[in-house]
Amino acid sequence: MMETKDKVTETRHMLLNVGPSHPAMHGVIRLVFELDGETILKTDVEIGYLHRGFEKMCEQGQYNHAIPYTDRLNYVSPLINNFAYCQAVEKLMGLQITERCKYIRVIMSEISRVTDHLTCIGASAMELGAFSVFLYMIKAREYLYELVEAVTGARLTVSYGRVGGVKADLPEGFSDKTRKTLQEVRKVVAEVDKLLSRNRIFIDRMKDVGIISKEDAIAYGITGPFLRSTGVNFDVRKAQPYLVYDRMNFEVPVGTHGDNLDRYYVRLEEMEQSMRIVEQALDQIPPGPVLIDEAGRPVQLSENKPIKAADMVDEAKMGRIRGIAERPVQLDPTLQGSTKGFHENINVENKKVVLPAKESTYGNIEGLMNHFKLVMFGHGIKPPKGEAYFAAEGANGELGFYVVSDGTDKPYRVRVHPPCLPIMAALPILFEGDMMADMIPTFGSVNMIAGELDR
Amino acid sequence: MEILNLIKEKFQEYVVLTHAQCGDETVVLKKEGVLPVFTFLKNEPELDFNLLSDLTAVDYLGRTDLPRFEVVSHLYSLKHNRRLRVKVLVPEEDCVMDSISSLWIAADWYEREVWDMFGVRFEGHPNLKRLLMYEEFQGHALRKDYAVNKRQPLIGPVN
């Protein structure tokens, strides 16, 4: 005869490893979950897989040498990093940049913010199955990248900021082109709004998932759209306005619940506000050099015939310098907008900071020496001994640069405060109690950028 | 300026110097004063620095007038819209300071990063392990005496 025995089922928590290389991870990061069934109890976050030693590398070169590295921090909105770094150095030196440059920086920063939010919303919607949204948003981002390319010459690794100015002035017809593009982007945003904002599946996946309270968000030092979704009205552009943000009329969208859906709404609305800022800035920007006459023909800035840069150098080497200083230089297209006429509009008037216009470098000995003094090691930009912290509103939150100078031409220390680091530190409490499948929308709404997280 | 005077008067024994270069108000502290001063900065309603914006360190190798390391934190008060920089002096021979992660939980990861990159230990930190580098990494990469071209064998997963 068989004896029936009460069988005790043993229950154990399961450890599940996700990453560092996983399609649902927006970069290389490793999460180790402790699961009870499908409920997440604990999360262990491991970062550092993309550590490139940004801060160490910045200490090796001159001040302007750090700018290409800043492109690679938040690579979805590199222009904001460029400008924030430049402004930290300018704050340290007490430089006042030109009006036109301020507007250019605002316009380009806001365009970058839109590209960042488009990527974030698009990618997280795609992970929930809304693939068309992803395609639409990437299409809109592509329009904006075309603008960025027209201005900087590159789509991603822009390196457009310079200490004391920007690389080049805005191209011809930029204003009209931007306005048209923004209308296209608005159409896409409206379309996505229709597709998602009242979509039952989307709302069910996003609502009340990944909740963080106001108090927790502040304790973790979270800023940006993430903090605003919890109901805290903090935006560096409003709280401590820099550049010309105090002249712009825009709203700061604030959520109430601090869940994924609120973060989606905040980002969606922020795009519209950014586009408003761009339009206002385009209206207010002081005019640059007149480029086209009334009939639409390009106007020569100088009466003299242009000379090719290489020819100019050759002429000068032969000693045939008469008259070449006055002649405009025909330069490589990548240097468009940085020649005389543009140069003084976008750069500070300080020969110890800004490279001279290329005509001067090629055409006269003062310009040549000026150029060499700035690019030679030991002779570059030398901020006074001291330190400065500058905070800008990045797409993910407060992007801070802390620059320490020892009076030489190399930064003694450059520290970047990456906005998504505090959010990553808060991941365990965001995930806690949610289902494993909820991890995907929550992680998507964090908008982790490994480049700036690991530096 | 009035905050600096307030802190200077209240914590005379801890404050080494204060300045407001480039408009950034700064307090330099002895490391013994970490907990009392930071607790005051956070809890005093008139200051109310509730957001820890950033915490990092700077290595002043070879300076003789002050200790080698400075642990630099940037505080922000949402209520008063004000920033403050607090620098804590940490000497090389006794490379440890009190953790402030009990006051701002944000300090948890920042302190791990400072330990990782500078080798400054934090007393009372719940989980002080390297943040960016791997556990077997030798030395601390952001110290000035760590050569930039130094290579270490990369190691695979431990388990």
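Since the model is a prediction, treat every value here as computed from it, not as a measurement.

*Asks:* Can you lay out the overall build of chain B for me, pointing to particular residues and giving the numbers?
*Replies:* In terms of helices and strands, chain B carries 3 helices and 7 strands. Computed over its C-alpha atoms, the radius of gyration of chain B comes to 17 Å, within 12% of the 15 Å expected for a compact globule of 159 residues. Along the longest, intermediate and shortest principal axes, the C-alpha atoms of chain B span 50 × 35 × 25 Å. Expressed as a percentage of the 159 residues in chain B, the buried residues total 55%. With an accessible surface of roughly 7200 Å², chain B has 50% of that area assigned to carbon and sulfur atoms.

*Asks:* Explain a nonpolar patch on the surface residue by residue, including any values.
*Replies:* Residues and elements named next belong to chain A. Together, Ile365, Leu368, Met369, Phe372, Val375 and Met376 make up an exposed nonpolar region whose accessible area comes to about 530 Å². Here Phe372 shows up in helix H15 (residues 365-375). The partly exposed category is assigned to Phe372, whose relative accessible area is 43%.

*Asks:* So what's going on with the environment of Arg179 of chain A? Residues and values would help.
*Replies:* Residues and elements named next belong to chain A. By secondary structure assignment, the location of Arg179 is in helix H6 (residues 174-196). When the C-alpha atoms of Arg179 and Leu282 are compared, they prove to be 8.8 Å apart, with 103 residues separating the residues in sequence. With residues up to four places along the chain from it excluded, the contact list for Arg179 reads Glu279, Leu282 and Asp283.

*Asks:* Break down the packing of H6 of chain A against helix H11 (residues 260-284) of chain A for me, citing the residues and quoting the values.
*Replies:* Residues and elements named next belong to chain A. Here H6 crosses H11 at 165°, and the two axes come no closer than 11 Å. Classified by the angle between their axes, H6 and H11 sit roughly antiparallel to one another. Crossing of H6 over H11 shows left-handed handedness. Each of Phe174, Ser175, Thr178, Arg179, Leu182, Gln183, Val185, Arg186, Val189, Val192, Asp193 and Leu196 in H6 lies in contact with H11, whose residues at this interface are Tyr264, Leu268, Met271, Glu272, Met275, Arg276, Val278, Glu279, Leu282 and Asp283. Taken together, the residues of the contact of H6 with H11 break down into 12 nonpolar, 3 polar and 7 charged.

*Asks:* An account of the pairing of strand E8 (residues 386-393) of chain A is requested, with residue identities and associated values reported.
*Replies:* Residue and element names in this part refer to chain A. Most of E8 sits out of view: 8 of its 8 residues are buried. Residues Gly386, Ala388, Phe390 and Ala392 of E8 are buried on one face, and the alternating residues Glu387, Tyr389, Ala391 and Glu393, pointing to the opposite face, are buried as well. As judged from the 8 bridges shared by E8 and strand E9 (residues 398-405), these two strands associate in the antiparallel manner. Bridged to Tyr389 within E9 is Tyr402. Linkage of E8 to E9, two consecutive antiparallel strands, is achieved through a turn of 4 residues, within which Gly397 is found at a positive phi near 145°.

*Asks:* Requested: an account of the interface of chain B and chain A, with residues and values cited.
*Replies:* The interface of chain B with chain A comprises 44 residues on the first partner and 43 residues on the second. On the chain B side of the contact with chain A, Arg83, Trp109 and Leu132 of chain B bury the most area, a combined 19% of that side's loss. For the interface between chain B and chain A, the tally reads 8 salt bridges. Here Lys91 of chain A ties to Asp24 of chain B by a salt bridge, and the two come within 2.7 Å at their closest N and O atoms. Put simply, chain B and chain A have 27 residue pairs in polar contact (both at pLDDT 80 or more) between them. Listed by contribution, the elements that provide at least two residues to the side of chain B that touches chain A are strand E3 (51-59), strand E4 (69-77), strand E5 (82-90) and helix H3 (107-118) of chain B. Per-element accounting of the side of chain B that touches chain A gives the leading share, 9 residues, to E3 of chain B. Looking at the side of chain B that touches chain A residue by residue, the class counts come to 25 nonpolar, 8 polar and 11 charged.

*Asks:* Can you tell me about the confidence of the model for chain B, naming the residues and giving the values?
*Replies:* With 96% of its residues at a pLDDT of 70 or more, chain B shows a mean pLDDT of 86. Prediction confidence for the complex, expressed as pTM and ipTM, is 0.87 and 0.89 respectively.

*Asks:* Mind laying out the sheet that holds E8 of chain A, listing which residues take part and the relevant values?
*Replies:* Adjacent strands of a sheet form backbone hydrogen bonds with each other and so pair up, either parallel or antiparallel. Residue and element names in this part refer to chain A. Read from one edge of the open sheet, 3 strands run E8-E9-E10, paired in antiparallel fashion. Strands with a single pairing partner mark the edges of an open sheet, and in this sheet they are E8 and strand E10 (411-417). Direction aside, the axes of adjacent strands within the sheet are offset by 15° on average.

*Asks:* So what's going on with the pairing of E4 of chain B? Residues and values would help.
*Replies:* All names here are of chain B. With 9 of its 9 residues buried, E4 lies for the most part within the structure. As defined by bridge partners, E3 adjoins E4 across 8 bridges and the pair is classed as antiparallel. Bridge assignment links Asp54 to a residue of E4, and that residue is His74. When E4 meets E5, the two strands line up antiparallel, connected through 9 bridges. Residue pairing in the sheet places Val71 in a bridge with Val88 of E5.

*Asks:* Quick one: what's the story with the pattern of salt bridges, residue by residue and with numbers?
*Replies:* Oppositely charged side chains can form a pair if their charged atoms are brought close together. Tallied over the full model, the rule gives 38 salt bridges over all chains. Where Arg68 of chain B meets Glu92 of chain B, a salt bridge forms, and the shortest distance between an N and an O atom there is 2.9 Å. Of this pair, Arg68 of chain B sits in the loop between E3 and E4 while Glu92 of chain B sits in the loop between E5 and strand E6 (96-98), placing them 24 residues apart in sequence. Between Arg130 of chain B and Asp116 of chain B there is a salt bridge, with the nearest N and O atoms lying 2.8 Å from each other. Taken together, the positions of Arg130 of chain B in the segment after strand E7 (121-123) and Asp116 of chain B in helix H3 put the pair 14 residues apart, joining distant regions of the chain. Comparing Arg130 of chain B with Asp116 of chain B shows no difference in burial state: the two are buried. It is possible to trace a salt-bridge network through shared partners that takes in Lys91 and Glu387 of chain A together with Asp24, Arg63, Glu70, Arg85 and Lys87 of chain B.

*Asks:* Could you give an account of the sheet that holds E4 of chain B, with specific residues and numbers?
*Replies:* Residues and elements named next belong to chain B. In spatial order, the strands read E1-E2-E5-E4-E3; together these 5 strands make up an open sheet with mixed pairing. Edge strands, defined here as strands with exactly one partner in the open sheet, are strand E1 (15-19) and E3. Shown here is a sheet whose adjacent strand axes are inclined to one another by a mean of 20°, direction ignored. In terms of strand pairing, E1 meets strand E2 (residues 26-30) through 4 bridges, oriented antiparallel. Following the sheet pairing, Val15 is matched in E2 by Leu29. The sheet strands contacting helix H1 (residues 2-10) are E1, E2 and E5, and the helix crosses E1 at an angle near 170°. Those strands touched by helix H2 (residues 34-43) are E2, E4 and E5, and its axis lies near 175° from that of E5.

*Asks:* With reference to specific residues and values, describe H2 of chain B.
*Replies:* Given 3.6 residues per helical turn, the α-helix brings residues three or four places apart onto the same face. Residues and elements named next belong to chain B. Among the residues making up H2, those that are buried are Val34, Val37, Phe38, Phe40 and Leu41. One face of H2 carries all of its buried residues, which in axial projection span an arc of 155°. Looking at the buried side of H2, the elements it contacts are H1, E2, E4, E5 and E6.

Cut-off values and rules
Residues numbered from 1 in each chain as written. Chains lettered and ligands numbered in written order. Predicted model: local features only at pLDDT ≥ 70, side-chain atom pairs only at ≥ 80, totals over all residues. Heavy atoms only, no water. Helix = DSSP H or I, 4+ residues; strand = E, 2+ residues; numbered from the N terminus. Rg over C-alpha atoms; globule rule 2.2 N^0.38 Å. Buried < 20%, exposed > 50% of the residue type's maximum accessible area, 1.4 Å probe, protein only. Areas by Shrake-Rupley, 256 points an atom, 1.4 Å probe, with all protein chains shown as cover. Patch = residues over 30% accessible without salt bridge, like charges linked within 9 Å, V, L, I, M, F, W, Y side chains within 5 Å. Salt bridge = Lys/Arg side-chain N within 4 Å of Asp/Glu carboxyl O. Contact = heavy atoms within 4.5 Å. Axes fitted to C-alpha atoms, helices over the stretch in contact; angles between N-to-C directions. Parallel < 35°, antiparallel > 145°, perpendicular 65-115°, else oblique. Left-handed = near helix turned anticlockwise from the far one by under 90°. Nonpolar A, V, L, I, M, F, W, Y, C, P; charged D, E, K, R; others polar. Pairing = 2+ DSSP bridges. Buried area = accessible area lost by both parts, 1.4 Å probe. Polar contact = N/O pair within 3.5 Å; in protein donor to acceptor, adjacent residues only side chain to side chain. pLDDT = per-residue confidence, 0-100. Arc of directions from axis to C-beta.

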